[in-house]
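These are the residues of each chain, in order.
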Amino acid sequence: MLGALRFLSGAFLRRLSQLLSRLRRRSPAPELRARAAAALAHYARTNADLLDRAARLAARAERLEREGTPSESVRNRAERARREIEAGLTALRDSFAASGREALEAFELELERFAPTLGIYRGGSGS
């Protein structure tokens, strides 16, 4: 079969490659994305205090370091809050992963969209 591909034109092979690439990048079903968005919004609402505390502590630690008076205590508390958020999001991610690859992809796409809203979360564990 691969020998037969040798005889196809370069333009045809490029077009075939584009089509296959588009299929691989196919977006998850809208209902899965909506479910992921709702789950993330619920997480943000129920953990608003934690998200706010983590953002405030991170900003404070950064400000103190910039001013030349770093505080290990503030930095440690900011890190603990960030880890709590990551643990919650990882558990949520795992629940989507249990539903299948497409559900996981939907969750990760929505997480990228929500990440600025969530503030400090920067990715999760690998797939």
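Source: prediction; values computed, not measured.

**A look at the nonpolar core**
Ranked by internal contacts, the top residues of the largest apolar core, which has 21 residues, are Leu40, Ile85, Leu89, Leu92, Phe96 and Phe107. Per-element accounting of this core gives the leading share, seven residues, to helix H3 (residues 30-46). Those residues in contact with Leu92, other than ones at most four positions away along the chain, are Ala39, Leu40, Tyr43 and Phe107. In this structure, Ala61, Leu64, Val74 and Ala78 belong to the second largest nonpolar core, which totals five residues.

**Points about the packing of H3 against helix H5 (residues 72-97)**
One can describe the packing of H3 onto H5 by two numbers: an axis separation of 11 Å at closest approach and a directional angle of 155 degrees. By the angle between their directions, the pair H3 and H5 is classed as roughly antiparallel. Pair H3 / H5 crosses with right-handed handedness. Mapping the contact onto sequence places Arg35, Ala36, Ala39, Leu40 and Tyr43 in H3 and Glu84, Ile85, Gly88, Leu89, Leu92 and Phe96 in H5. Its residues placed into classes, the contact of H3 with H5 shows eight nonpolar, one polar and two charged.

**So, the pattern of salt bridges**
Counted under the stated rule, the structure contains 12 salt bridges. A salt bridge links Arg83 to Glu79, with the nearest nitrogen and oxygen atoms 3.7 Å apart. One end of the pair, Arg83, and the other, Glu79, are both in helix H5, four residues apart, so they sit about a helical turn from each other. Using a relative accessible area of 28% as the deciding quantity, one classes Glu79 as partly exposed. Each of Glu79, Arg82, Arg83 and Glu86 takes part in one network of salt bridges that share partners.

Conventions used here
- Residues numbered from 1 in each chain as written.
- Predicted model: local features only at pLDDT ≥ 70, side-chain atom pairs only at ≥ 80, totals over all residues.
- Heavy atoms only, no water.
- Core = buried A, V, L, I, M, F, W, Y, C linked by side-chain atoms within 4.5 Å.
- Buried < 20%, exposed > 50% of the residue type's maximum accessible area, 1.4 Å probe, protein only.
- Helix = DSSP H or I, 4+ residues; strand = E, 2+ residues; numbered from the N terminus.
- Contact = heavy atoms within 4.5 Å.
- Axes fitted to C-alpha atoms, helices over the stretch in contact; angles between N-to-C directions.
- Parallel < 35°, antiparallel > 145°, perpendicular 65-115°, else oblique.
- Left-handed = near helix turned anticlockwise from the far one by under 90°.
- Nonpolar A, V, L, I, M, F, W, Y, C, P; charged D, E, K, R; others polar.
- Salt bridge = Lys/Arg side-chain N within 4 Å of Asp/Glu carboxyl O.

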